[in-house]
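An overview of the molecular structure
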Amino acid sequence: MPTASAPPVIHFGHLAEHDFDGLLKKKYPGSKFILLTDENVAGFWVEYLVTEFESLFDAEIIQLPAGEATKNFETCVSVWEALSEYGITRHDIIINLGGGVITDIGGFIASAFKRGLHFINIPTSLLAQVDASVGGKTGIDLGPYKNQVGFFSNPDLVFIDPRFLATLENDQLNSGFAEMLKHGLIADKNHWHQLLAYPMGNLGEILPLIKTSVAIKKQVVDQDFDETGPRKKLNFGHTIGHAIEGFYLHHQKPLLHGYAVAYGMIAESWLSWKTGLLTEEEFTLIQSELSKRYGALNLDKFSFDAVMTLMKNDKKNSAGKINFTLLKGIGNAVYDQDVEEELILQSLELI
Ligand SMILES: NC(=O)c1ccc[n+]([C@@H]2O[C@H](COP(=O)([O-])OP(=O)(O)OC[C@H]3O[C@@H](n4cnc5c(N)ncnc54)[C@H](O)[C@@H]3O)[C@@H](O)[C@H]2O)c1
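Below: a short report on this structure. Given the structure is predicted, the values throughout are model-derived calculations rather than measurements.

Procedures and definitions
Residues numbered from 1 in each chain as written. Predicted model: local features only at pLDDT ≥ 70, side-chain atom pairs only at ≥ 80, totals over all residues. Heavy atoms only, no water. Helix = DSSP H or I, 4+ residues; strand = E, 2+ residues; numbered from the N terminus. Rg over C-alpha atoms; globule rule 2.2 N^0.38 Å. Buried < 20%, exposed > 50% of the residue type's maximum accessible area, 1.4 Å probe, protein only. Contact = heavy atoms within 4.5 Å. Areas by Shrake-Rupley, 256 points an atom, 1.4 Å probe, with all protein chains shown as cover. Lys, Arg positive; Asp, Glu negative; His and termini not counted. Charge placed at Lys NZ, Arg CZ, Asp CG, Glu CD. Pairing = 2+ DSSP bridges. Axes fitted to C-alpha atoms, helices over the stretch in contact; angles between N-to-C directions. Polar contact = N/O pair within 3.5 Å; in protein donor to acceptor, adjacent residues only side chain to side chain. Core = buried A, V, L, I, M, F, W, Y, C linked by side-chain atoms within 4.5 Å. Phe/Tyr/Trp six-rings, centres within 6.5 Å; stacked < 30°, edge-to-face > 60°. Lys NZ or Arg CZ within 6 Å of the ring centre and 35° of its normal. Expected span 1.5 Å × (residues − 1). Arc of directions from axis to C-beta.

**Thoughts on the overall build of the chain**
Tallying secondary structure elements over the chain gives 13 helices and ten strands in all. For 351 residues, the compact-globule estimate of 2.2 N^0.38 gives 20 Å, and the chain sits close to it at 20 Å. Considered along the principal axes of its C-alpha atoms, the chain spans approximately 60 × 40 × 40 Å. The buried share among the 351 residues of the chain stands at 58%. Within the chain, counting contacts between residues at least 6 apart in sequence, those at least 24 apart form 77% of the total. Of the roughly 14,800 Å² that the chain leaves accessible, carbon and sulfur atoms contribute 51%. Mean positive and mean negative side-chain charge positions of the chain (29 and 44 charges, respectively) differ by 5 Å.

Below, the structure written as structure tokens:
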């Protein structure tokens, strides 16, 4: 059974303007803080945090290798061992500072250690700011199976500060942007069109768009925290996206999550058209906008069977069926859609 916890308070904007330090002191008097981060984020931001905010002057810092390959059980064991060595108790707080890999694995580590430590998310990638850091899903991968082991568990607080994005590479920005486009496609046509008009990379103007995306995600999650119904809408693009991401996980250059989701959205929009839910015109618009930003993967036909096998093992399936979320027009999604295998295979040709 999912472990529900209260939804987090989400702060948008510069950390200092939210009296980040004051909040930590007030909410967690006498607690020790552990900053869990990865090597890239550490290089840019740890010094700033541990010198700027008094509560973090003595924080323990745990730095993991960057990338999806870190999101596994061996990493968890090494962090749990470190927490034990530091004498961390249930009174202490883990701060996840990083992208979705860190917020996913950090939330999982915190939720399992000593039956649950409180944790805070400070997402530093666009993808983590608009998606991974909110919604309460934490977890790790098991071989090629993405997020196979995990908890529903909420952070106490989330701080979304777009200044962190200044050091993020462009392809990582694009990756996060794919989840924002998804939010528009599944729930808000206006958001979709605003995103299409957004000059990519103009970070000075991104905060209102981030806020809208987070509001959409939060609204969906608040209706259905443990994903028995409407939360499945957020899975649009992910049934096929996760399968190709899992397939590429152990390639020399793994596919970025948002890119995998973008290709998944092209294929699943095509399925939406072929099953009569989307018009051809809507499908063509989605395909051209996504292809413009994410190019094509040119998935090898010989990979289709392996991708199908991964899809069949997706944890979102039920009664032996692959569950799709499809678009019923732009800005509206329907879930628990059953699609013939032949059609799914054909959709992979578009990727
Ligand atoms: N829990 C959820 O609801 C949810 C939702 C979507 C995705 N996810 C998960 O999130 C992960 C993908 O997240 P991601 O794309 O953020 O990956 P990530 O954590 O690997 O971060 C991407 C890269 O950007 C670097 N980085 C992050 N912030 C940076 C910054 N400010 N400056 C410079 N470099 C920075 C990281 O070191 C990494 O190399 C996947 O594991 C996915 O399954 C979870």
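**A closer look at the sheet that holds strand 3 (residues 60–64)**
The parallel open sheet is built from six strands, whose spatial order is 1-8-5-4-2-3. The sheet is open, and its two edges are formed by strand 1 (9–12) and strand 3, each paired on a single side. The sheet shows a mean angle of 15° between the axes of neighbouring strands, taken without regard to direction. Relative to strand 4 (residues 93–98), strand 2 (residues 33–38) runs parallel, the two sharing five bridges. Following the sheet pairing, Thr37 is matched in strand 4 by Leu97.

**A word on the pairing of strand 7 (residues 145–152)**
Pairing geometry for strand 6 (residues 137–142) and strand 7, over five bridges, is antiparallel. Across the sheet, Gly139 pairs through a bridge with Gly150, a residue of strand 7. The hairpin formed by strand 6 and strand 7 contains two residues between the paired strands, and Gly143 there has a positive phi angle of roughly 55°.

**Some remarks on the pairing of strand 8 (residues 157–160)**
Of the two faces of strand 8, the one carrying Leu157 and Phe159 and the one carrying Val158 and Ile160 are both buried. Bridge count for strand 1 against strand 8 is four bridges, and the pairing is parallel. When the sheet's bridge partners are listed, His11 is paired in strand 8 with Phe159. Pairing of strand 5 (residues 118–123) with strand 8, which is carried by two bridges, proceeds in the parallel orientation. Across the sheet, residue Asn121 finds its bridge partner in strand 8, namely Val158.

**Some details on helix 9 (residues 238–248)**
Helical geometry: 3.6 residues make up each α-helical turn, so side chains three or four residues apart lie on a common side. Across the eleven residues of helix 9, ten count as buried, placing the element largely inside the fold. Taken together, the buried positions of helix 9 are occupied by His238, Thr239, Ile240, Gly241, His242, Ala243, Ile244, Glu245, Gly246 and Tyr248. The secondary structure elements touched by the buried residues of helix 9 are strand 7, helix 6 (170–187), helix 10 (257–274), helix 12 (304–312), strand 9 (324–327) and helix 13 (341–348).

**Comments concerning the environment of Tyr145**
Relative to the assigned elements, Tyr145 resides in strand 7. Of note is the side chain of Tyr145, whose polar atom sits 3.3 Å from the side chain of Asn313.

**Observations regarding the nonpolar core**
Burial of nonpolar side chains together is a common tendency in soluble globular proteins. With 69 residues, the main nonpolar core has Leu126 and Met311 as its most contacted residues. In this view, Leu126 contacts Leu165, Leu168, Leu173, Gly176, Phe177, Met180, Ile206 and Ile210; residues no more than four positions away in its chain are not counted. Counting residues in hydrophobic clusters, the runner-up holds 23 residues, among them Phe33, Leu35, Ala59 and Ile120.

**Structural notes on the packing of aromatic side chains**
Within the structure shown, the criterion is met by 14 aromatic pairs. With 5.7 Å between their ring centres and 75° between their planes, Phe247 and Tyr248 make a pair best called edge-to-face. Here the aromatic residues Phe20, Trp45, Tyr48, Phe53, Phe159 and Phe164 are joined through ring pairs into a cluster of three or more. Lying across the ring of Trp273, Lys274 places its NZ or CZ 4.0 Å from the centre.

**Concerning helix 3 (residues 73–85)**
Taking 1.5 Å as the rise per residue, helix 3 with 13 residues should run 18 Å; its terminal C-alpha atoms sit 18 Å apart, in good agreement. Of all the positions in helix 3, only Thr75, Cys76, Val79, Trp80, Ala82 and Leu83 are classed as buried. Looking straight down helix 3, one finds that the buried residues subtend no more than 160° of arc, so they occupy a single side. Among the exposed residues of helix 3, those pointing more than 90 degrees away from its buried face are Glu74 and Glu85. Lining the buried residues of helix 3 we find strand 2, strand 3, strand 4, helix 4 (100–112) and strand 6. In this structure Asn72 caps helix 3, since a side-chain oxygen of it lies 3.1 Å from the backbone nitrogen of Glu74.

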